[in-house]
Amino acid sequence: MFTSGFTFTFTFTFTFKFTFTDRATSPKRDRYLMTSTEPVQQKNISSDADLFPDWITYQNDMLHLEGVACDRFVREFGTPVTIFSGNRLASNADAIRNAFRTYNPDAVIAYAYKVCYLREIANIFVKQNLYAEVMSRLEYDLAANAGFPPEQTIINGIGKTEQEIRRVLGGNTFLINADSISDLKQVNQVASDLGICARVGIRVSPSADDPTFRIAGKLGSDIDAGDAIRIIRAARDMPHIDLAGLHVHSYSRETTPELHRQVSEKMRDFISELSDSEDILFRLVDIGGGFSSRYTMERQGYSIEDFARNIAVPLTFPDHSPRLVVEPGTFLVCDAAITLTRVLAEKTNAGKKWLIIDAGTNVLSPFPGNYEVHPMIGSASSSVCHFGVSDGLCTPLMIQEEAVLPDTIKQGDVLAVLNCGAYTISSGANWGYPLWPVILLNDGQTEVIFGAEHVAKLIKIMYGQNHTLRGDH
Ligand SMILES: Cc1ncc(COP(=O)(O)O)c(C=O)c1O
């Protein structure tokens, strides 16, 4: 287990004094007076970077990304701006591939396309020879366009159309995961029309009682309730279905391997039962994703190697071990992006300090939302306190509930939001705030992969409005 650990070198005690004096004699407003008596804490802000992913450092108190000072990005691109590290993306791919191949030498690592659609980002994973996992026709086309060949593409999604199935089967896709008997029947029919046998996995769900799987109740077929065996028997009896494997995905983003271990053990028992009672042997087990960002995981004292061991060991059989397929999204990209953002307003409300920033939840969505806010300019010693950090939009959504930042942070200062590569740019919208520029860093060289002019074009096409990000039209 990775044990570098994570220790705060300071502690906070917040004491709020409520003064409830005799209501009859005290002025009415006293009732609402709450004084924050938080002790001033000193903290070495720059030393936070000891725990950061290695592409993020403080040098002379200034935050640097792959060695480039952040104020340069702010000058060139304004705020907000999101910056991806090509090196970190490649290093995350290496880490997860090496971890799983230690236990399962042919393990397939498939980039969960939903996590980020940007072609230049996906292209890094093409070069790393990863497979792609897609959940719709749109994602299939985007992945193909980024360079993932069909025979290295895995098809998910629980409501496929006949046209989609025809398209992906025609392309000799690596695996198509079926989610229901109706789904399976369509795949069988199209495969029959094409005169082929479709390589199929069946998506199962370990237990509807498990809260992780209950929230995603529409996905998969429950093992305990008997739905899984029903669909597997149906698949076995269809002439154009090659029943190659099982698929499962843990919907939460785990920082510890416990849930994945339990799921793998459940899958092992189910596979053994199917082998004994139905004489079914699987060549593939697709265990999906569900890992947190690498940065968050390692700060919890775990590594992807711990996950790989806990997943692969239970699925190692003495005579016939299936090839593992892993579909990471968050792990690959979450900690490889940072957003630089400016403070629009500062306030105290009900004893809580707030910073309102120009990077909105229109992109930094609360799902999965483990953002971490740090100052662009750190220092050897700062007085720090807790801030709620959110955007200026009229919703209660948070970016970070309790960020620890210098108490001198004020309107106009620049902050950095870590952990924002996953499910942000791909699901972002021009809602309230416009989308914003995205930069890819490659060994310190910048490439604009989504620029201010693209944002302007989108707004013009969709709403007929001229718009510039700096508001100077
Ligand atoms: C089937 C499937 N595979 C992989 C993923 C990627 O998950 P994560 O981002 O947790 O790695 C998802 C995400 O929801 C998914 O639904």
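So, here is what we can say about the structure in this document.

**Focus: the overall build of the chain**
Part 1: Secondary structure summary: the chain contains 13 helices and 24 strands in total.
Part 2: Considering the chain as a whole, with its 473 residues, one finds that 44% of them fall into the buried category.
Part 3: Nonlocal contacts in the chain, meaning residues at least 24 apart in sequence, comprise 69% of its contacts between residues at least 6 apart.

**Focus: helix α1 (residues 70–77)**
Part 1: By the burial criterion, the buried members of α1 are C70, F73 and F77. Down the axis, α1 shows its buried residues gathered within 55° of arc, on one side only.
Part 2: G78 sits one or two positions beyond α1 and adopts a positive phi of about 75°.

**A word on the pairing of strand β4 (residues 56–59)**
Looking down a regular strand, the side chains alternate between one sheet face and the other.
Part 1: Across the two faces of β4 the burial differs, with I56 and Y58 buried and T57 and Q59 not buried at all.
Part 2: The hairpin formed by β4 and strand β5 (residues 62–65) contains two residues between the paired strands, and N60 there has a positive phi angle of roughly 50°.

**Focus: the packing of helix α9 (residues 258–278) against helix α11 (residues 304–312)**
Part 1: Taken N-terminus to C-terminus, the directions of α9 and α11 make an angle of 20°; their axes are 8 Å apart at the nearest point. As far as their axial angle goes, α11 and α9 are roughly parallel. Classified by chirality, the crossing of α11 by α9 is right-handed. Where α9 approaches α11, its residues H260, R261 and S264 are matched on the opposing element by F307, N310 and I311.

**A short note on unusual backbone geometry**
Part 1: Of note, the bond from T79 into P80 is cis; its omega dihedral lies within 30 degrees of zero at -10°.
Part 2: Examined against the element boundaries, P80 turns out to sit in the loop between α1 and β7 (81–85).
Part 3: Located in the positive-phi region is N172, a residue other than glycine, with phi close to 55°.
Part 4: Relative to the assigned elements, N172 resides in the loop between α5 (162–170) and β11 (175–178).
Part 5: At A350, a residue that is not glycine, the phi angle is positive and equals roughly 50°.
Part 6: With respect to the helices, strands and loops of the structure, A350 is situated in the loop between β17 (337–349) and β18 (352–357).

**Brief notes about the site of the ligand**
Part 1: Around the ligand, the surrounding shell holds 17 residues, and the nearest of these are A112, G289, E327, G329 and T330.
Part 2: Residue classes in the shell around the ligand are distributed as six nonpolar, seven polar and four charged.

**Here's the deal with the sheet that holds β4**
Part 1: Taken in spatial order, the three strands make up an open sheet running β4-β5-β6, and their pairing is antiparallel. Looking at the sheet topology across the chains shown, the edges are occupied by β4 and β6 (68–69).
Part 2: Pairing of β5 with β6 involves two bridges; the strand directions are antiparallel. Following the sheet pairing, L65 is matched in β6 by V68.
Part 3: Each of β5 and β6 touches α1; the most contacted strand, β5, lies at about 80° to it.

**As for the environment of W354**
Part 1: Residue position: W354 is located in strand β18.
Part 2: Its 13 C-beta neighbours within 10 Å are what place W354 among the partly exposed residues.
Part 3: Considering only alpha carbons, one finds W354 and E402, 48 residues apart in sequence, at a separation of 9.5 Å.
Part 4: When neighbours within four sequence positions are excluded, W354 is seen to be in contact with E346, K347, N349, F387, G388 and S390.

**Some words on helix α3 (residues 119–127)**
Part 1: For α3, the set of buried residues is I121, A122, I124 and F125. Viewed along the axis of α3, the buried residues span an arc of 145°, placing them on a single side of the element.
Part 2: The inward-facing, buried residues of α3 abut β7, α2 (86–103), β8 (108–112), α4 (137–146) and α12 (330–333).

**Quick notes on the pairing of strand β16 (residues 323–326)**
Part 1: With two bridges joining them, β8 and β16 adopt parallel strand pairing. In the strand pairing of β16, I109 is matched with V326.
Part 2: By the bridge criterion, three bridges tie strand β15 (residues 284–286) to β16 in an arrangement that is parallel. For V285, the partnering residue across the bridge sits in β16 and is L324.

**Topic: the environment of I459**
Part 1: Inspection of the secondary structure puts I459 in helix α13 (residues 452–463).
Part 2: Since 18 C-beta atoms lie within 10 Å of it, I459 is described here as partly exposed.
Part 3: Excluding residues within four positions of it along the chain, I459 makes contact with N430, P434, Q465 and H467.

**What about the environment of H260?**
Part 1: Structurally, the position occupied by H260 is in helix α9.
Part 2: H260 sits in the buried class, given 22 other C-beta atoms within 10 Å.
Part 3: Distance from H260 to F291, taken between C-alpha atoms, is 9.0 Å for residues 31 residues apart in sequence.
Part 4: Sequence-distant contacts of H260, that is, excluding residues within four places in its chain, are made with S250, E254, G290, F307, N310 and I311.

Rules used throughout
All residue numbers refer to position in the chain's written sequence, counted from 1. Local features in a predicted model are, by the rule used here, given only for residues with pLDDT of at least 70; side-chain atom pairs are given and counted only at 80 or more, and totals for whole chains, interfaces and linings are based on all residues. Comment: elements are numbered from the N terminus, with helices defined as DSSP H or I runs of at least four residues and strands as E runs of at least two. We call a residue exposed when 12 or fewer other C-beta atoms sit within 10 Å of its C-beta, buried when the count reaches 20 or more, and partly exposed for counts in between; the C-beta positions come from the backbone. Contact between two residues is assigned whenever their backbone-derived C-beta positions fall within 7 Å. The directions from the helix axis to the C-beta atoms form the arc being described. Think of it this way: DSSP has to see at least two bridges between two strands before they count as a pair. Comment: axis = line fitted to C-alpha atoms, over the contacting stretch for helices; angle = value between 0 and 180 degrees taken between N-to-C directions. Any angle between 65 and 115 degrees counts as roughly perpendicular, while under 35 counts as roughly parallel, over 145 as roughly antiparallel, and the rest as oblique. With the far helix as reference, a near helix turned anticlockwise by less than a right angle produces a left-handed crossing, and one turned clockwise produces a right-handed crossing. Using a C-beta atom placed from the backbone for every residue, we mark a residue as near a molecule or strand if that atom lies within 6 Å of it. Classification convention: Asp, Glu, Lys, Arg as charged; Ala, Val, Leu, Ile, Met, Phe, Trp, Tyr, Cys, Pro as nonpolar; all other residues, Gly among them, as polar.

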